[in-house]
Every structure is written in structure tokens, then in C-alpha cells.
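Listed here are the chains, written in short residue letters.
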Amino acid sequence: MSFATADSASYPAKQHLVRTAKNLGVSSGVIFVRGGDIIVHPDSDTEYEFHQDSNFYYLSGVVAPGYAAAYDIASDTAILFVNHVSADEAVWVGVPASLTEQCQAYGFDQAHYTKDILAVIGALAPSTVYMLPHHEAGELSALALDHVRLLEAVHEARVLKDDYEIEVMRRANGISGEAHVTLMKEARVGMNEAELRGRFVGLVLAQGCSYEAYGSIMARGRNAAVLHYTKNNMVLDSADDLILADAGGSLACYASDITRSWPLGAAFSPLCRDIYAVVLDMQKTVIAACGPGKQWEDMHLLSNRVAAQGLVKLGILQGSLDEILEKHVVGYFMPHGIGHLIGIDTHDVGGYPRGVERINVPGLRYLRARREMRPRMAFTVEPGLYFVDAILEDARAKPEIAEHIDFDAVARYRAVGGIRIEDNIVITESGCDNLTTCPKEIAEIEQIRQTAYD
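All figures in this text were calculated on a predicted structure; none of them were measured in a lab.

Rules of the game
- Residues numbered from 1 in each chain as written.
- Predicted model: local features only at pLDDT ≥ 70, side-chain atom pairs only at ≥ 80, totals over all residues.
- Heavy atoms only, no water.
- Helix = DSSP H or I, 4+ residues; strand = E, 2+ residues; numbered from the N terminus.
- Rg over C-alpha atoms; globule rule 2.2 N^0.38 Å.
- Buried < 20%, exposed > 50% of the residue type's maximum accessible area, 1.4 Å probe, protein only.
- Contact = heavy atoms within 4.5 Å.
- Areas by Shrake-Rupley, 256 points an atom, 1.4 Å probe, with all protein chains shown as cover.
- Lys, Arg positive; Asp, Glu negative; His and termini not counted.
- Charge placed at Lys NZ, Arg CZ, Asp CG, Glu CD.
- Polar contact = N/O pair within 3.5 Å; in protein donor to acceptor, adjacent residues only side chain to side chain.
- Pairing = 2+ DSSP bridges.
- Axes fitted to C-alpha atoms, helices over the stretch in contact; angles between N-to-C directions.
- Salt bridge = Lys/Arg side-chain N within 4 Å of Asp/Glu carboxyl O.
- Phe/Tyr/Trp six-rings, centres within 6.5 Å; stacked < 30°, edge-to-face > 60°.
- Lys NZ or Arg CZ within 6 Å of the ring centre and 35° of its normal.

Q: Now, about the overall build of the protein chain: what can you tell me, with residues and values included?
A: Check the secondary structure of the protein chain and you find 15 helices and 17 strands. Compactness check: the protein chain gives a C-alpha radius of gyration of 24 Å against a globular reference of 22 Å for 454 residues, within 12% of the reference. Projected onto its principal axes, the C-alpha positions of the protein chain cover 75 × 45 × 45 Å. The buried share of the protein chain, taken over its 454 residues, is 54%. If you take every contact in the protein chain between residues at least 6 apart in sequence, the share linking residues at least 24 apart comes to 73%. Accessible area of the protein chain: about 18900 Å², with a carbon and sulfur share of 51%. For the protein chain, the separation between the mean place of its 39 positive charges and that of its 60 negative charges on side chains is 5 Å.

Here's what the structure looks like:
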């Protein structure tokens, strides 16, 4: 199976349409979705970089702009609508494949030009046309339209990954993991965070990824205390600093999301090693606990328990473990959730099914998913511990929280900044499958880093 391009007959577009229609729970009607279009910078002829609408890609497998797709539920017919390219346009974008060739390439039953959308859909005489709320009705505005039900149906379909999706994500993790190891081998004092990002992007693109799955984070030292740090412009000026590298490539439109934290020197400083060991214990414990039938929020609470135990041993937290957990004190050191669904989007859809609300306590309020784990769901597991001045000052101002924190110990560890370790997993029938093979044990990382100084 080749993953160099997303435009492949192996992409299971029709299966995704069928799965979505099943979630709608209707026996007739038409699903109709539009792809994205090129957008041009104002007062310019330069185009913004094009990324396909995620839901459209899921239902079509088409990465190019200007397409649409439909599925007639009653007749089980998948229909592709192709934008006609004139001879003048072909000079700039190339001569497209024929309708028949594109129909076969994308695995559809029929293909027509977009100018014929109304005629083709109208001839089906659908009782209802199901559309996404962010897609315009356009030429179909006179038909009976439902802009509500399709979104939930496609989101629930996207939550469960098929074999094709899992294998693409496994390969994306492999490519991205290899790039992370290269950064570990090559980073030196005197380099810039921007060099690390540039090297990572070049490596994943060279191996078939289309783009970064998200804005890479290359944070040295205290910069890692900013959870979504993307300036990536600081000099790597101290061998005592830790590098937090959060980066992943998108392969065939499926994301990887990997974080590794490693020393700029040949080995972890004692303080960084202390915190890293706790975070690694958090992550390994959660991954071992993941499996079908378990609640994702319980994995977050499990990570908090491991963190609390570790931080008590280090003298950063103090007092009763039960009280520390009851008051969510760990949330002041890990203010984000344990992880999120991943797929076409890095923060993939479906994390909060209808009727499920967020829990408004430190840490849990930012959990991106609250649902029961089921086989074929894909998650990130990304615990971290951070020394964020603003959050810790907030904790100091709350006596019921402050009594459990030794702020002198916090001051000693402040230079660590933040440490996060992130892998991508798929839930299986008996546990989970870790797609991320990039080294993360302390001994492995120090062995790699030592090569930078040999």
C-alpha cells in the first residue's frame, strides 16, 4: 500500500459514506458535501496554502480543491462531482484526468462535472438532502435540506478508524518518530529553535508527508512552560536546558502528534531527570490501563494519581494524597487534558458526544474527550508537568491549594520549564496498540544524545 498520495483507489471513501449514512438512521435521501476552494490573499494573486475540508476528505478521499460528492442512500450510489478545467486553466494546473478515470481512481460509482450538480441530484428526487452546516446550499437551495443531522453522523463515523486509516497513521508515526530521533542526534548548543523546526519539517516532507499536522513546538528551557509555544525563535544557549519537541507530520491527510522532551546536553540534569521520570511513569501507567469499556476521563484521573505520588516523593507536593487528588492540585502542574482523539485532524472530532459536558475543575476542564473507549478509537496520551508562573501564583493565592505545595521546591524546579511525553494509540479488543515507537526511556535518550558529543 502506498501512502505517498491521498488520491488513491485504496482510500475507502464509499465505506465512509455508507458508515455515515448508517449513523443517520434513514433508508433514503442524499448525503451531499462540498470540498474546499482556493482562497487568494487580498489585493494579490498569491494563494493561501490549501488544506482540504476534513469531513469532505473523509467522505471522498479527494485532496484537490473544487470538488463535491454525494451518496444516494436508497440505491447505494456514490457520486463524485469534478470541477471542469478549461484549456486556459490547464496551462497553470495541468490537464486533469477524465471523468471515467477520476471515478475509478477515487472509488465512486459515478462522476459528473460540478456544473451538473442540480441536474444529477434533482433527478434522484431525494426526500431530503443532508448537508454539513458549514457548507452552502448553493444550487440545491430549492430542495428539502437538512443542515443539522449530518455533522454528528460523520463525526461518529470518523471516531472509529478502519484498517486503512490505522496503517496510514502508523506510517505517519514512523516517519515523524524518525525525524524526532534525528533532532535528538543533531541538536547542539548555539543552534536556534527555528533550525529544529526546519529540520523536522524537511525530514517528514522528504518521506512523503504533505505538511505539518499542526504548528510544531520546539521549546527550550522555560519556553516549554507555554503549552502551545510556536515562536520557535530562541537560541539554544545552555546544555542544562531541556528541549520539548512537539511535532508531527500529516501523511495522506492523517495526522501524527508526537512529543519528546530531551536534554540539550549529553544527559538529563538531576532536576530535569526527576520531573521526566514522573511524567514517563504517568504515561506508561495510562497506556497500560487503556482498553475498551473504560472512560477516557478516568485515564486523566489515573495520570493525576501517578503525578501526585511522584511530586510528593520529590517534595513539591505535601500532605494527604487523597486531599491532593480531591482538590485537583495536580491540575496546577498539568493544566491540560491527558490527550485527545486523533485522525484526519490532530484534535479529531467526536470527543464530546451529544449531552456530555465538560468538568469544570483544574486540568479536566481542558480534557478534549469524555467518552467510553471502544476498539478502533485513536487517542494521544500526552501527560506533562509544567512550572507556569501565572498558574502557580493563582495556586499560592488559594490557601486550600497552597497548603499542599512547597513553593521553595517549586522555585528549585522552575528552570525545568515543562516536560511532556506524547504517543498515539489505537484501542484494541484487549487493550491498545501504540503507533509511536520513538525512544522515550531515559537511558535510550541519553544514549542518543551522547552521540551528539562523540
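Q: Could you give an account of the side chain of H336, naming the residues involved and the relevant values?
A: Along the chain, H336 falls in the loop between α11 (321–326) and β13 (378–381). One polar contact links H336 to Y386, side chain to side chain, over a distance of 2.7 Å. In this structure H336 touches L227, H300, G363, Y366, E382, P383, G384, Y386 and R420, once residues within four positions along its chain are discounted.

Q: I'd like a description of the sheet that holds strand β16 (residues 423–427), backed by residues and values.
A: If you trace the 3 strands from one edge of the open sheet to the other, you get β13-β16-β17, paired in antiparallel fashion. One side of each edge strand has no neighbouring strand; the edge strands of this open sheet are β13 and β17 (432–434). Averaged over all adjacent pairs, the angle separating strand axes in this sheet is 35°, with direction ignored. Relative to β17, β16 runs antiparallel, the two being bridged by 3 bridges. Looking at the pairing, I425 lines up with N434 of β17.

Q: Hey, could you go over the pattern of salt bridges for me, with residue numbers and the actual values?
A: This structure, assessed with the given rule, holds 28 salt bridges. Between K161 and D348 there is a salt bridge, with its nearest N and O atoms 3.4 Å apart. Within this pair, whereas K161 is found in the loop between α6 (149–159) and α7 (163–186), its partner D348 is found in the loop between α11 and β13, the two being separated by 187 residues in sequence. A single network of salt bridges, built from pairs that share partners, joins R158, K161, D345 and D348.

Q: Before we move on, can you summarise the packing of aromatic side chains with the specific residues and values?
A: Tallying each qualifying case throughout the model produces 9 aromatic pairs. Between Y57 and Y254, the aromatic rings sit 6.3 Å apart at their centres with planes inclined by 70°, giving edge-to-face as the arrangement. Placement of the pair is Y57 in helix α2 (residues 54–60) and Y254 in strand β11 (residues 254–255), with a sequence separation of 197 residues. Residue Y57 is classed as buried on the basis of its relative accessible area of 1%. Centre to centre, the rings of W296 and F379 are 4.2 Å apart; their planes meet at 20°, and the pair counts as stacked. You can see W296 sitting in helix α10 (residues 296–313) and its partner F379 sitting in strand β13, a full 83 residues away along the chain. On the accessibility criterion, W296 (0% relative accessible area) is buried. Residue class for F379 comes out buried when judged on its relative accessible area of 0%. One cation-aromatic arrangement involves R396 over F407; the distance from NZ or CZ to the ring centre is 4.2 Å.

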